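Summary of structural features
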Number of protein chains: 2
Amino acid sequence: MPFSAPAPSHLAFVPFVSVQNMMALVHTIGIETFLRELGEYLEADFKRWPEFDKTPRVAAHSAEGVIELMPTSDSSLYGFKYVNGHPKNMKEGLQTVTAFGMLADVASGYPVLLSEMTLLTALRTAATSAMAAKYLAPANAKTMAIIGNGAQSEFQAMAFREIVGIQALRLYDLDRAASEKCARNLSGQGFDITICKTSEEAVEGADIITTVTADKQCATILSDNMVGAGIHINAVGGDCPGKTELQRDILLRSTIFAEYPPQTRIEGEIQQLPEDHPVTELWQVINGEAKGRASDSQITLFDSVGFAIEDFSALRYVRDKLEATGLYEKLDMVADPDDPRDLFGMLQRSKGTDTP
Amino acid sequence: MPFSAPAPSHLAFVPFVSVQNMMALVHTIGIETFLRELGEYLEADFKRWPEFDKTPRVAAHSAEGVIELMPTSDSSLYGFKYVNGHPKNMKEGLQTVTAFGMLADVASGYPVLLSEMTLLTALRTAATSAMAAKYLAPANAKTMAIIGNGAQSEFQAMAFREIVGIQALRLYDLDRAASEKCARNLSGQGFDITICKTSEEAVEGADIITTVTADKQCATILSDNMVGAGIHINAVGGDCPGKTELQRDILLRSTIFAEYPPQTRIEGEIQQLPEDHPVTELWQVINGEAKGRASDSQITLFDSVGFAIEDFSALRYVRDKLEATGLYEKLDMVADPDDPRDLFGMLQRSKGTDTP
């Protein structure tokens, strides 16, 4: 005998931000404002870094790539991101990196947000790089070389203009078509853009060098003689064991800043250095406990690999924008019987009701 | 100038099984068939246990509860479950345990299934218990005591009837209303049901004792004098540090079987025993490498805490049922630009198109 299923409570529905809604959210807010405000959320969370539960990401490596879970939490919110990295995907017309993430209420364990994070990761990676450069790059930096002009490159350019004031871009990629794609996408945005034939040419006159290539191998994107005094290097592409971009000698001449050293020593450029090589934690620079750039001639290096707290900040930002924009769907993701002990009764009573 | 966004490819859409669709799936298949077939999937995966990447779950503990990620993978599929455990939720009208999970393609890292897992976890936990009992319980077991009559109890009863042949249930809960709820939900299912006033009364004449209480504390649900020779104990409720249900003396008289000892020694009943106390891995019993029940007088104990491979089996089962039933939605969860390096271009081109 069919019963009618009672309507689930509001807690049973989890707000979900699809790719379409994430794009609409970026356009509604404006990408410059989005990157700047996201940078502010990142900065706020880096300032209270010790409040977070931190653990190196949980990685499943295979021959073709890696799948990772990146959890973190403070006393009220828990967040994690699912993310893959498959360099060979590009040849098959797929994204190298796809991602989604969620936030949950620590007090009840109930999910409060599910979101696409392929786009959001691109935005938070760029905003994190630019936030670090605000503290580490030479004063009045106007010119940035971008070596590697794939999916992340335009986001880096936009974030560095909004947060650091970059005006000129010098692009280089092994595949000139990628540089042309990047230049085309950024045309009409007011950048002074030069496509370069070599990485040596790209770094000429640059105040900041961003390396963001995707090959899963120890490559030398930058060699020692290419890096002059006073430069800030934003090393984004080297982010897993066996994948680095910089010649070791550059590291030895640089003051190195990292997000979470236990993870960076495994995944970042500094995997090339001894375990005890000195590294400054970025959060300490941001909250004033450690020095950022100390002189005009210093080479600063942000050895970025991406950390769970950055995803947490990004999800927190998106969540705070949902009510005003309405750019989300509601997913029937959590079973919510009237009597929490009566899960079986809920299942029984649903029998014979229409399927959705 | 608005461009029209190209339609995403089929890989951009992730099949999602909502709570409503999971309930419809159970009814379409029939709960008995669902539990039996799920048991077969579990058995197939336990038989090839060494093929899986195994890691203890990644837990974030707070004062009120725990939030966990449980990942595993074989050479072709990766899966993980998000699950919380908040015993105080029940008083607030919320589920103690909510969960969702996903499967992804190892070769590309792309998600291939997202599913509610609150109901699915209840089903897989019951099917796993019954599968273990098939190998460990006394021959021709007909009577089961269930101590703790909350959300998991009816699922245990249904799975043990379908897979083990249990006909009579002896129910006990500190709160008699829970036993009455359980008996009411199972009425008309052909069980011979007795509600008992004490746990001592409940175990009288039982061939199998299932303990499935929810308090996060070391409680003594079963004391040594209650457990006679030849009994199989299915200990489901003790599943985190500091939460046990059985008196230590019972453990010392039992032959103990566990899913994944590195996790069980932290979370299961055997957290009361020394690190080197002998434990048999269930998968070795199932693939014939180790002995299950050896005599009529032996006390067997399945110290169940739940392991990621069981969720993997359950997700695999659900995924295999989707095509024939159509009981899923498609989520726009993965950004999928035509040129994988052109994520920014995809974002730009979406500007001015209608929001969904």
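Remember, predicted model here, so these are calculated numbers, not experimental data. (Residues numbered from 1 in each chain as written. Chains lettered and ligands numbered in written order. Predicted model: local features only at pLDDT ≥ 70, side-chain atom pairs only at ≥ 80, totals over all residues. Heavy atoms only, no water.)

1. As for the pairing of strand E6 (residues 111-116) of chain A
Residue and element names in this part refer to chain A. By the criterion of burial, E6 is predominantly enclosed, with six of the six residues buried. Taken together, the two bridges between strand E1 (residues 13-17) and E6 define a ladder with parallel strand orientation. Across the sheet, the residue bridging to phenylalanine 16 is leucine 114, located in E6. Hairpin connection from strand E5 (residues 99-105) to E6: five residues lie between these consecutive antiparallel strands, with glycine 109 at a positive phi of about 80°. (Buried < 20%, exposed > 50% of the residue type's maximum accessible area, 1.4 Å probe, protein only. Helix = DSSP H or I, 4+ residues; strand = E, 2+ residues; numbered from the N terminus. Pairing = 2+ DSSP bridges.)

2. A few points about the relation of the copies chain A and chain B
Least-squares fitting of chain A to chain B yields an RMSD of 0.0 Å, with the transformation described by 0.0 Å of translation along the axis and a rotation of 180°. A rotation of that kind, with that shift, is consistent with a two-fold axis. By residue overlap, the copies meet face to face through one surface: 100% of the interface positions of chain A are interface positions in chain B. (Least-squares fit on C-alpha atoms with pLDDT ≥ 70 in both. Contact = heavy atoms within 4.5 Å.)

3. Here's the deal with the interface of chain A and chain B
Each side of the interface is counted separately: chain A has 80 residues, and chain B has 81 residues. Together, the buried faces of chain A and chain B total about 7,300 Å²; carbon and sulfur atoms form 69% of this surface. On the chain A side of the interface with chain B, the three residues burying the most area are A:Arg341, A:Phe344 and A:Leu347, jointly 11% of the side's total. The tally of links from chain A across to chain B stands at two salt bridges. Note that B:Asp175 and A:Arg341 form a salt bridge whose closest N and O atoms lie 2.8 Å from each other. Here the side of chain A that touches chain B takes seven residues from helix H1 (residues 19-29) of chain A, the largest share from any one element. Split by residue class, the side of chain A that touches chain B holds 45 nonpolar, 22 polar and 13 charged. (Buried area = accessible area lost by both parts, 1.4 Å probe. Salt bridge = Lys/Arg side-chain N within 4 Å of Asp/Glu carboxyl O. Nonpolar A, V, L, I, M, F, W, Y, C, P; charged D, E, K, R; others polar.)

4. What to know about the pattern of salt bridges
All names here are of chain A. Tallying each qualifying case throughout the model produces 42 salt bridges over all chains. Of the charged contacts in the structure, one is a salt bridge between aspartate 74 and arginine 48, with a shortest N-O distance of 3.0 Å. A residue pair is termed long-range when its members are at least 10 positions apart, and aspartate 74 in the loop between strand E3 (66-73) and strand E4 (77-85) and arginine 48 in the loop between helix H2 (31-47) and strand E2 (58-61) qualify at 26 residues. A relative accessible area of 12% places aspartate 74 in the buried class. It is possible to trace a salt-bridge network through shared partners that takes in Asp45, Arg48, Glu51, Asp74 and Arg316.

5. Quick look at the nonpolar core
Generally speaking, soluble globular proteins have nonpolar side chains that are buried together. A:Phe34, A:Leu119, A:Phe155, A:Leu169, A:Ile208 and A:Val318 are the most contacted members of the largest nonpolar core, which has 79 residues in total. If you tally residues by element for this core, the top one is helix H3 (residues 118-136) of chain A, at eleven residues. The residues that make up this core include at least three from each of domain 1 (10-119 + 309-346) and domain 2 (136-307) of chain A. Dropping the residues within four chain positions of it, A:Phe34 is found in contact with A:Leu25, A:Val26, A:Ile29, A:Leu120, A:Leu123, A:Tyr317 and A:Val318. B:Ile31, B:Ala99, B:Met144 and B:Ile309 belong to the second-largest nonpolar core, a separate cluster that totals 77 residues. (Core = buried A, V, L, I, M, F, W, Y, C linked by side-chain atoms within 4.5 Å. Domains from an automatic or database assignment.)

6. Focus on the packing of aromatic side chains
Scanning all chains against the criterion turns up 23 aromatic pairs over all chains. Measuring from centroid to centroid gives 5.6 Å for B:Trp49 and B:Phe307, while their planes differ by 40°, and the two rings are tilted. Taken together, the residues span a long stretch of sequence, with B:Trp49 in the loop between helix H2 (31-47) and strand E2 (58-61) and B:Phe307 in the loop between strand E16 (299-303) and helix H10 (308-325) at a distance of 258 residues. Here the two residues B:Trp49 and B:Phe307 agree in accessibility, since each one is buried. We note A:Arg161 situated over the ring of A:Phe191; from NZ or CZ to the ring centre the distance is 4.6 Å. (Phe/Tyr/Trp six-rings, centres within 6.5 Å; stacked < 30°, edge-to-face > 60°. Lys NZ or Arg CZ within 6 Å of the ring centre and 35° of its normal.)

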